[in-house]
Amino acid sequence: MTGSLLISLFRQMYRIRAVEEGIALRYPEGKMRCPVHLSIGQESIPAVFAQSIALNDFAVSTHRGHAHYLAKGGNLNTMIAEIYGKSTGCAKGKGGSMHLIDLAVNFMGTSAIVGNSIPIGVGLALSAQLKGTDQISCVFLGDGATEEGVFYESINFAAVRKLPVLFICENNLYSVYSPLSVRQPKGRSIAKMVEAMGIEVAVSDGHNILSSYETMKNAVIRVRDTRAPLFLEFTTYRWREHCGHGFDNDIGYRTQEEFLEWQSRDPLNNLEQQMQKKGSVVVSSLGKIKSEIALEVERAFEFAENSPFPTQSEAYDGVYA
Ligand SMILES: Cc1ncc(C[n+]2csc(CCOP(=O)(O)OP(=O)(O)O)c2C)c(N)n1
Ligand SMILES: [Mg+2]
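This one's a predicted model, so the numbers in the text were calculated from it and none came from an experiment. (Residues numbered from 1 in each chain as written. Chains lettered and ligands numbered in written order. Predicted model: local features only at pLDDT ≥ 70, side-chain atom pairs only at ≥ 80, totals over all residues. Heavy atoms only, no water.)

**As for the overall build of the protein**
Point 1. When helices and strands are counted, the protein shows 11 helices and 8 strands.
Point 2. Here the C-alpha atoms of the protein give a radius of gyration of 19 Å, agreeing with the 20 Å that 2.2 N^0.38 yields for 321 residues.
Point 3. In terms of principal-axis extent, the alpha carbons of the protein reach across some 55 × 50 × 40 Å.
Point 4. By residue count, 53% of the 321 residues in the protein fall in the buried class.
Point 5. Counting only contacts in the protein whose residues sit at least 6 apart along the sequence, the fraction spanning at least 24 positions is 75%. (Helix = DSSP H or I, 4+ residues; strand = E, 2+ residues; numbered from the N terminus. Rg over C-alpha atoms; globule rule 2.2 N^0.38 Å. Buried < 20%, exposed > 50% of the residue type's maximum accessible area, 1.4 Å probe, protein only. Contact = heavy atoms within 4.5 Å.)

**Some remarks on the packing of aromatic side chains**
Remark: the centre distance and the inter-plane angle together describe each pair of aromatic rings, the angle taken between the planes.
Point 1. Evaluation of the coordinates by the stated rule reveals 12 aromatic pairs.
Point 2. Taking the centre distance of 5.5 Å and the plane angle of 80° together, the rings of Tyr-69 and Phe-107 count as edge-to-face. Of the two residues, Tyr-69 is situated in helix H3 (residues 66–71) and Phe-107 in strand S2 (residues 107–110); the sequence distance between them amounts to 38 residues. Here Tyr-69 matches Phe-107 in class, with each residue buried.
Point 3. Each ring, one from Phe-151 and one from Tyr-152, has its centre 5.1 Å from the other, and the planes form 85°; the classification is edge-to-face.
Point 4. Owing to a relative accessible area of 27%, Tyr-152 belongs among the partly exposed residues under this scheme.
Point 5. Put simply, the rings of Tyr-174, Tyr-177, Tyr-237, Tyr-253 and Trp-262 touch in pairs and so form one group of aromatic residues.
Point 6. Above the ring of Trp-239, the side-chain terminus of Arg-17 is found at 4.6 Å from the ring centroid.
Point 7. The cationic tip of Lys-86 hangs over the ring face of Phe-309; the distance from NZ or CZ to the ring centre is 4.8 Å. (Phe/Tyr/Trp six-rings, centres within 6.5 Å; stacked < 30°, edge-to-face > 60°. Lys NZ or Arg CZ within 6 Å of the ring centre and 35° of its normal.)

**Remarks on the sheet that holds strand S7 (residues 200–205)**
Point 1. Sheet architecture is open: 6 strands sit in the order S2-S1-S3-S4-S8-S7, paired in parallel fashion. Either end of the sheet is taken by a strand with one partner, and the two such strands are S2 and S7. Sheet twist, expressed as the mean angle between neighbouring strand axes with direction ignored, is 15°.
Point 2. As defined by bridge partners, S7 adjoins strand S8 (residues 230–235) across 6 bridges and the pair is classed as parallel. Bridge pairing in S8 places Ser-204 opposite Phe-234.
Point 3. Set on the sheet, helix H2 (residues 44–52) makes contact with strand S1 (58–61), strand S3 (137–142), strand S4 (165–171) and S8; between it and S4 the angle comes to about 160°. (Pairing = 2+ DSSP bridges. Axes fitted to C-alpha atoms, helices over the stretch in contact; angles between N-to-C directions.)

**Description of the nonpolar core**
Point 1. Ile-23, Phe-49, Met-79, Ile-80, Leu-166, Ile-168 and Met-216 are the most contacted members of the largest nonpolar core, which totals 68 residues.
Point 2. With 10 residues, the single largest contributor to this core is helix H1 (residues 3–26).
Point 3. If sequence neighbours within four positions are ignored, Ile-168 has contacts with Ile-45, Phe-49, Cys-138, Val-139, Phe-140, Leu-141, Met-216, Leu-232 and Phe-234.
Point 4. The next biggest cluster of nonpolar side chains, apart from the first, holds 24 residues, and it includes Ile-118, Val-122, Ala-191 and Phe-231. (Core = buried A, V, L, I, M, F, W, Y, C linked by side-chain atoms within 4.5 Å.)

**Thoughts on the site of ligand 1**
Point 1. As a matter of local geometry, ligand 1 sits amid 15 residues, with His-63, Arg-64, Asp-143, Gly-144 and Asn-172 nearest to it.
Point 2. Here an oxygen atom of ligand 1 sits 2.7 Å away from a polar atom, N or O, in the side chain of Arg-64.
Point 3. For ligand 1, an oxygen atom lies 2.9 Å from a polar atom in the side chain of Asn-172.
Point 4. Compared with its free state, where it exposes 580 Å², ligand 1 has 73% of that area covered by protein.
Point 5. Put simply, ligand 1 lies in the largest pocket.
Point 6. Split into classes, the residues belonging to the shell around ligand 1 amount to 6 nonpolar, 6 polar and 3 charged. (Near = heavy atom within 4 Å. Polar contact = N/O pair within 3.5 Å; in protein donor to acceptor, adjacent residues only side chain to side chain. Areas by Shrake-Rupley, 256 points an atom, 1.4 Å probe, with all protein chains shown as cover. 1 Å grid on protein atoms, 1.4 Å probe; cavity = no way out; pocket = protein on both sides within 12 Å on 5 of 7 lines; lining within 4 Å. Sits in = over half its atoms within 2 Å of the grid points. Nonpolar A, V, L, I, M, F, W, Y, C, P; charged D, E, K, R; others polar.)

**A short note on the coordination of the magnesium ion (ligand 2)**
Point 1. Looking at the metal site, the magnesium ion (ligand 2) is ligated by Asp-143 (OD), Asn-172 (OD1) and Tyr-174 (O), spaced 2.1 Å from it.
Point 2. Between consecutive donor residues of the magnesium ion (ligand 2), the sequence gaps follow D-x28-N-x1-Y. Taken together, the residues Asp-143 in the loop between S3 and helix H6 (149–160) and Tyr-174 in strand S5 (residues 174–175) connect sequence positions 31 residues apart. Tyr-174 shares its class with Asp-143; the two are buried. (Donors = N, O, S within 2.8 Å, 3.2 Å for Na, K, Ca; no water.)

**Topic: the layout of surface pockets**
Point 1. Taken as a whole, the largest pocket holds about 330 Å³ of empty space.
Point 2. Residue contributions to the lining of the largest pocket peak at 3 residues, all from S3.
Point 3. Taken together, the residues of the lining of the largest pocket break down into 8 nonpolar, 12 polar and 5 charged.
Point 4. Approximately 150 Å³ is the volume found for the second largest pocket.
Point 5. Contributing to the lining of the second largest pocket are Asn-171, Leu-180, Ser-181, Gln-184, Pro-185, Lys-186, Gly-187, Arg-188, Ser-189, Ile-190 and Glu-233. (Points joined across faces, edges and corners; volume = space filled by probe spheres on them.)

Structure representation (structure tokens):
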């Protein structure tokens, strides 16, 4: 892997974390009035996605979608403004954190309803097939979404119609406070279950950035070439509480020991350490990246704070009318 690729992956991961840490820091001020689902700890997957995907490709995501929006190239200022409910937001301040969209980069939306965006992503792949474009459609989903009926209908439809859709399952082991062990039979692999439905699959440990990059890059190439669906499952771990800016290890659904064990495998920290071994040129570029991103994030919050709220008369205007 080249030095410039490592720097690029670092930049993506660091930026996503800095944005979400910025949200967590300011959330208690009470100015962001929507719920937020942070993906701190899970950044390797959007980072390798950003490195592999084309502008023209489609993507959809979930309630935990900030990182995917940013990785697809979504505008940071309008995302933060959306979370602040401002009229400059990407959904004109009407959707909040769980309704992100940026049509300029083909990021086609996120949804608060678990599983809801899966058939939308499949439909976008159908549109690419019908129009004969070379686009692929990427569907981010959590492990919990694989327990929704629409997931099976969508996988089946994508398989039968041979659609260019890449399913990207971020298996962080939990659906809210329920671990997989109380939701699915012991020993079941989500990827193997999907494979049995007729779709090619690949798995990767999201804590290993290099193998995750290879997995993602090859999957994107494969879907683009074969025009057939592919399902990726990444193991990952959410650090913060399910919903909100804090931590919830004290409420009893997971232990502090378990949390610390996963946190010690932080892909961002691992990558930084690997890069530091490469010498002073890389180390100085890391410092520059960090300060550039800190400034960019600060400005995004300023943009949001300085933007107006939507007026009452806009309440029923179509978001993209
Ligand atoms: C249809 C539906 N059922 C339940 C909920 C409540 N809910 C919100 S997030 C969530 C967990 C989803 O887990 P997963 O798909 O693994 O995503 P994660 O939160 O772990 O990223 C649930 C059950 C919902 N929003 N929609
Ligand atoms: Mg989950």
